[in-house]
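What follows is the residue order along each chain.
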Amino acid sequence: MRVYFDYNATTPLATEVRDAIVRAMDDVYGNASSVHHFGQQAKAAIDDARSAVAALINADASEIVFTSGGTESDNFAIRGAAEAIEPTGRRHLIASAIEHEAVLNTLKALSRRGWQTTLLAVEQSGIVSPDRLREAMTKETALVSVMHANNEIGTVQPIAELAEIAHANGALMHTDAVQSLGKIAVDVRALGVDLLSLSAHKFNGPKGTGALWIKRGTRMMPTMTGGKHERNRRAGTENVPAIVGLGIAARLAVNKLTSESDRLARLRDRLEDGILQGVGGTAINGVRSPRVPNTTNISFDRVEAESLLIALDLEGIAVSTGSACSSGTLEPSHVLRAMGLPAHRTQNSLRFSLGSLSTDEEVDRVIEVLPRLVEKLRGLTRKTVSA
Amino acid sequence: MAIKLPIYMDYHATTPVDPRVLETMLPYFSTEFGNAASRNHPFGWAAEEAVDKARKQIADLIGANAKEIVFTSGATESDNLAIKGAAEMYREKGNHIITCVTEHKAVIDTCKRLEKEGYRVTYLPVHKDGRISLDELKAAISDKTILITIMMANNEIGVLQPIGEIGAIAKEKGILFHTDAVQAVGKVPFNVNDLKVDMASISAHKMYGPKGVGALYVRRRNPRVLLAPIIDGGGHERGMRSGTLNVPGIVGFGKAAELCRQDMATESERLRGLRDYLNEKLHKNLDELYINGSMEHRLPHNLNISFAYVEGESLLMGINDVAVSSGSACTSASLEPSYVLKALGAGDDLAHSSIRFGLGRWTTKEEVDYVADKLTNVVSRLRDMSPLYELAKEGVDLSTMQWQTEGH
């Protein structure tokens, strides 16, 4: 049995999505900008997907801009808003310290160009405190970016409250909803944000496509220049089959959000309880709630996370230490560090993330295998120490 | 054999995915779904291996090293990355960029954006044949010039620029040279070392690969080109382009590159034959045709002709079972006459009545016959209704005519 518990890194395509993509690749091959039959057919397919994505997040279709994925959406949101706001004299950006690298490194790039940036530390709960944001806001703050759900620990941030604080100070609010979409309800109006990033391949859609929701009236400078695509907001020939796939994934997510999130929460809780009971010296990183239903991040005392990963892999179980982007670097997780966890816990934690194909049998298998592996590794550590 | 309508003859706008390409992508839509950046498990390894194979296939097509291929979401992004990335990275060296007026919008608009940020851009004119002058290029170079970006083949008129010569000039002056090679790669020989190119933009969907994926070739040696990323994040693609890799797209791109490499010689000759046949047939049947751009320095599968004395829109409507374009697909929804044709010196009328024929892998002789016959009929019919054509045939010089307009 091969167990894949790394759904936060990427997800397999839903069968319906795969079929729609393959069909589109065969039949809908026009360039959506072309005026002829083939082009109009492509354009209609894109419009249909745009409506589906809009419905998923309670937006208007005209507010959806397709991109190449979550990273581009984050870059576009922050750079595009920053450049549009710059002439007003506001040159300060705020983000939480537990953001994805796409946000953190975009802030770094802008700080090299003279922007002031502030990273908000988080509580041990893994939640960004509104008070900290209030303290960090200045008259110069142009944009606040806080992710909806964290990719490593799954905690859900109080976005509506944070957005209110940003707006009270005349700043825009962006949220990276890449990890929450398809797992919990995402409603742009209820969240009260101005910009929201999403990625198809995190909810059973294809890699290579995503979207940025831009609230109507928000001024943005395009970051990808060269044509009038996407209402002059994002140049480049549209990736029609992938966009079609994203549309289908959005429809599926709407239809089974409640049932699927209940199912995943039950599986995840069973996995979590099984590990905490079966393996001594374990603890959950971050609060259990509010959290997306598919993710748990657990620290294992006196075990190197990398060694445990390898041991699990030999048993056919795929999990990760944190984001895929930083996998293999042996750097301690910036998320766990920002939560103020002691050094050993930032180095001995694993992320288990479940999804559409996860089963009770897989959970049983992990619960069964883990105690033995951890015991073995701890034994090795003791020997090394005493030698 | 019955012809399937409508006929697709717009291969410069995009190309269908080759079934063999789709075939290689399928496993990556199902069992092999891993994130290529996942270093800790076999799902990730399989994805990374597939990406590496594709990288090699693409590098082989253009004579590059696999490490010099940076995957992007398409050629527009590649152009943006090359130009903005180099401009930012080499700002201390200078602020001057040289390009040309017939470049794709992805280059022109990006250069315009940089002008707002304090860069100086020279837009070289083109001659009537669509090519730039090397002397004008040399004259435009200053000690502040950091980048020359000139496309290999134009997307509307298929005209090939003297890339090798431009590369040699750039190298001699120590200036980086980028070429938007989207329309040329996979269709005609393109070797980054022979042509002395430092950066080249490529797109999968113009060579029978999938949409949503492209690459930027970035030279690693002599000189080692550095770029400031335009998309920051997890540090994928040697830090030049972050974002989870589009594994199925990249796999398809690689296969498309391999197929183009195998078939290029025979396929380009086949298409040249069909294109020339189309051209001859049209010229045999119709007069007052103007070929836009050089026939000598041209992609073998491109033809761009202005049909004088007919109105562009009526012409397109008349041939609505043939998918062609009257300009770049990216701007074809606008009513502005093509800026490329205007740059060649064409008047608005001739620009509007132009048609771009893009032939490709599934174009047959039967289709070419159908298109030529259809155009002959439609153009003849429209001209029969045109008083201007009648006057011209009577020998009246229309350019000297005084047009009477109502004076409001």
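Residues numbered from 1 in each chain as written. Chains lettered and ligands numbered in written order. Predicted model: local features only at pLDDT ≥ 70, side-chain atom pairs only at ≥ 80, totals over all residues. Heavy atoms only, no water.

**Considering the overall build of chain B**
When you go through chain B residue by residue, the secondary structure sums to 12 helices and 12 strands. When the accessible surface of chain B is summed, it comes to about 15,900 Å², and 51% of that surface belongs to carbon and sulfur atoms. Positive and negative side-chain charges of chain B, numbering 47 and 53 respectively, have mean locations separated by a distance of 6 Å. (Helix = DSSP H or I, 4+ residues; strand = E, 2+ residues; numbered from the N terminus. Areas by Shrake-Rupley, 256 points an atom, 1.4 Å probe, with all protein chains shown as cover. Lys, Arg positive; Asp, Glu negative; His and termini not counted. Charge placed at Lys NZ, Arg CZ, Asp CG, Glu CD.)

**Topic: the side chain of T10(A)**
Here T10(A) is to be found in the loop between β1 (3-4) and α1 (15-27). A relative accessible area of 0% places T10(A) in the buried class. (Buried < 20%, exposed > 50% of the residue type's maximum accessible area, 1.4 Å probe, protein only.)

**Focus: the pattern of salt bridges**
For the coordinates displayed, the defined rule picks out 42 salt bridges over all chains. In this structure, the salt-bridge partner of E88(B) is R113(A), at a minimum N-O distance of 2.7 Å. Residue E88(B) is found in helix α3 (residues 75-89), and its partner R113(A) is found in the loop between α4 (101-112) and β4 (116-120); the two belong to separate chains. By relative accessible area, E88(B) is classed as partly exposed at 36%. Residue class for R113(A) comes out partly exposed when judged on its relative accessible area of 36%. Close ionic contact of D10(B) with R356(B) constitutes a salt bridge, the shortest N to O distance being 3.0 Å. (Salt bridge = Lys/Arg side-chain N within 4 Å of Asp/Glu carboxyl O.)

**What about the nonpolar core?**
In this structure, I57(A), I64(A), F66(A), M173(A), L196(A) and L198(A) are the most contacted members of the largest nonpolar core, which totals 74 residues. Both domain 1 (3-9 + 257-386) and domain 2 (15-252) of chain A contribute no fewer than three residues apiece to this core. In contact with L198(A), other than residues within four places in its own chain, are V53(A), I57(A), G69(A), G70(A), S73(A), V178(A), L181(A), F203(A), G210(A), A211(A) and L246(A). Core analysis: the next-biggest nonpolar cluster, separate from the first, contains 70 residues, F71(B), L124(B), A200(B) and V213(B) among them. (Core = buried A, V, L, I, M, F, W, Y, C linked by side-chain atoms within 4.5 Å. Domains from an automatic or database assignment. Contact = heavy atoms within 4.5 Å.)

**Observations regarding the sheet that holds strand β12 (residues 354-358) of chain B**
What links the strands of a sheet is backbone hydrogen bonding, and the strands pair in either a parallel or an antiparallel sense. Residue and element names in this part refer to chain B. Taken in spatial order, the three strands line up as β9-β10-β12 in an open sheet, and their pairing is antiparallel. The open sheet terminates on both sides in strands that have one partner only, identified here as β9 (289-291) and β12. Averaged over neighbouring strand pairs, the angle between their axes works out to 30° when direction is ignored. Bridging between strand β10 (residues 302-307) and β12 involves five bridges; their strand directions are antiparallel. Each bridged residue has a counterpart across the sheet, and for S306 the counterpart in β12 is S354. Strands in contact with helix α7 (residues 247-285) are β9, β10 and β12; relative to β10, the strand with the most contacts, it is inclined by about 15°. (Pairing = 2+ DSSP bridges. Axes fitted to C-alpha atoms, helices over the stretch in contact; angles between N-to-C directions.)

**Overview of the interface of chain B and chain A**
At the junction of the two partners, chain B supplies 63 residues and chain A supplies 65 residues. Summing both sides of the interface, chain B and chain A together bury roughly 5,000 Å²; the carbon and sulfur share of this comes to 59%. Run the count over chain B and chain A and you get three salt bridges. The interface formed by chain B and chain A includes 20 residue pairs in polar contact (both at pLDDT 80 or more). Looking at the side of chain B that touches chain A, the elements that each hand over two or more residues are β1 (7-8), α1 (19-29), α2 (42-62), α3, α4 (105-116) and α7 of chain B. Class assignment of the residues belonging to the side of chain B that touches chain A gives a composition of 28 nonpolar, 22 polar and 13 charged. (Buried area = accessible area lost by both parts, 1.4 Å probe. Polar contact = N/O pair within 3.5 Å; in protein donor to acceptor, adjacent residues only side chain to side chain. Nonpolar A, V, L, I, M, F, W, Y, C, P; charged D, E, K, R; others polar.)

**What to know about the pairing of strand β2 (residues 69-72) of chain B**
Residue and element names in this part refer to chain B. Here β2 shows no split at all, with I69 and F71 on one side and V70 and T72 on the other all buried. Strand direction decides the pairing type here: β2 and strand β8 (residues 214-218), joined by four bridges, are antiparallel. Paired with I69 across the strands is Y217, a residue of β8.

**A closer look at the domain arrangement of chain A**
All names here are of chain A. Per the domain assignment, the segments making up chain A are domain 1 (3-9 + 257-386) and domain 2 (15-252). Taking only C-alpha atoms, the centre of domain 1 and the centre of domain 2 are 28 Å apart. If you look at the interface, domain 1 gives 29 residues, while domain 2 gives 30 residues. At the boundary of domain 1 with domain 2, total buried surface from both sides reaches about 2,300 Å², with 56% on carbon and sulfur atoms. Area buried by domain 1 at its contact with domain 2 is led by L257, H334 and M339, which between them contribute 23% of it. Counting every contact that joins domain 1 to domain 2 gives zero salt bridges. At the surface where domain 1 touches domain 2, the tally comes to 13 residue pairs in polar contact (both at pLDDT 80 or more).

**Thoughts on the pairing of strand β7 (residues 199-203) of chain B**
Successive residues of a regular strand alternate their side chains across the two faces of the sheet. Residues and elements named next belong to chain B. The buried count for β7 comes to five of five residues, which makes it a mostly enclosed element. By the alternation rule, side chains of β7 split into M199, S201 and S203 and A200 and I202, which are all buried. With three bridges connecting them, strand β6 (residues 176-180) and β7 associate as parallel partners. Residue H178 lies in a different strand from β7, and its bridge partner there is M199.

**Examining the packing of helix α3 (residues 70-85) of chain A against α4(A)**
All names here are of chain A. Between α3 and α4, the shortest axis-to-axis distance is 9 Å and the interhelical angle comes to 35°. Taken as a pair, α3 and α4 cross one another with a handedness that is right-handed. Touching T71, D74, N75, I78, R79 and A82 of α3 are A102, V103, T106, L107, A109 and L110, all from α4. Among the residues making up the contact of α3 with α4, the classes are represented as seven nonpolar, three polar and two charged. (Left-handed = near helix turned anticlockwise from the far one by under 90°.)

**Some remarks on the packing of aromatic side chains**
Evaluation of the coordinates by the stated rule reveals 12 aromatic pairs over all chains. Look at Y8(B) and Y11(B): their rings are 5.3 Å apart centre to centre, the planes differ by 70°, and that puts the pair in the edge-to-face class. Residue Y8(B) shares its accessibility class with Y11(B), and that shared class is buried. When the ring of F71(B) is compared with that of F253(B), the centres are 6.2 Å apart and the planes differ by 65°; the resulting orientation is edge-to-face. Of this pair, F71(B) sits in strand β2 while F253(B) sits in helix α7; the two residues are 182 residues apart in sequence, bridging distant segments of the chain. Counting every residue linked through ring pairs, the aromatic cluster contains Y29(A), F38(A), Y8(B), Y11(B), Y208(B) and W362(B). Taking NZ or CZ as reference, R91(B) lies 4.3 Å from the ring centre of Y119(B), over its face. (Phe/Tyr/Trp six-rings, centres within 6.5 Å; stacked < 30°, edge-to-face > 60°. Lys NZ or Arg CZ within 6 Å of the ring centre and 35° of its normal.)

**Regarding helix α9 (residues 240-278) of chain A**
Its 39 residues give α9(A) an end-to-end C-alpha distance of only 48 Å, which falls more than 12% under 57 Å, the value for a rise of 1.5 Å per residue. Helix geometry: α9(A) is bent most strongly at K256(A), by close to 70°. (Expected span 1.5 Å × (residues − 1). Bend = angle between axes of the 7 residues up to and from the residue.)

**Some remarks on the confidence of the model for chain B**
Per-chain confidence: chain B averages 94 in pLDDT, with 96% of residues scoring 70 or above. Interface scoring of the predicted complex returns ipTM 0.94; its pTM is 0.95. (pLDDT = per-residue confidence, 0-100.)

**Points about the side chain of R356(B)**
Residues and elements named next belong to chain B. In this fold, R356 is placed in strand β12. Accessibility expressed as a relative area gives 1% for R356, which makes it buried. Among the polar contacts made by the side chain of R356, one reaches the side chain of D10 at a distance of 3.0 Å.

**Considering the packing of α1(A) against α9(A)**
Helix packing geometry: the angle between the two helix axes and the distance between the axes. Residues and elements named next belong to chain A. Where α1 contacts α9, the axes come no closer than 8 Å and their chain directions differ by 155°. Taken together, the axes of α1 and α9 are roughly antiparallel relative to one another. When you trace α1 past α9, the crossing you get is right-handed. The residues of α9 that touch α1, namely those facing E16, V17, A20, I21, A24 and M25, are P241, V244, G245, I248, A249 and L252. Broken down by class, the residue content of the contact of α1 with α9 amounts to 10 nonpolar, one polar and one charged. (Parallel < 35°, antiparallel > 145°, perpendicular 65-115°, else oblique.)

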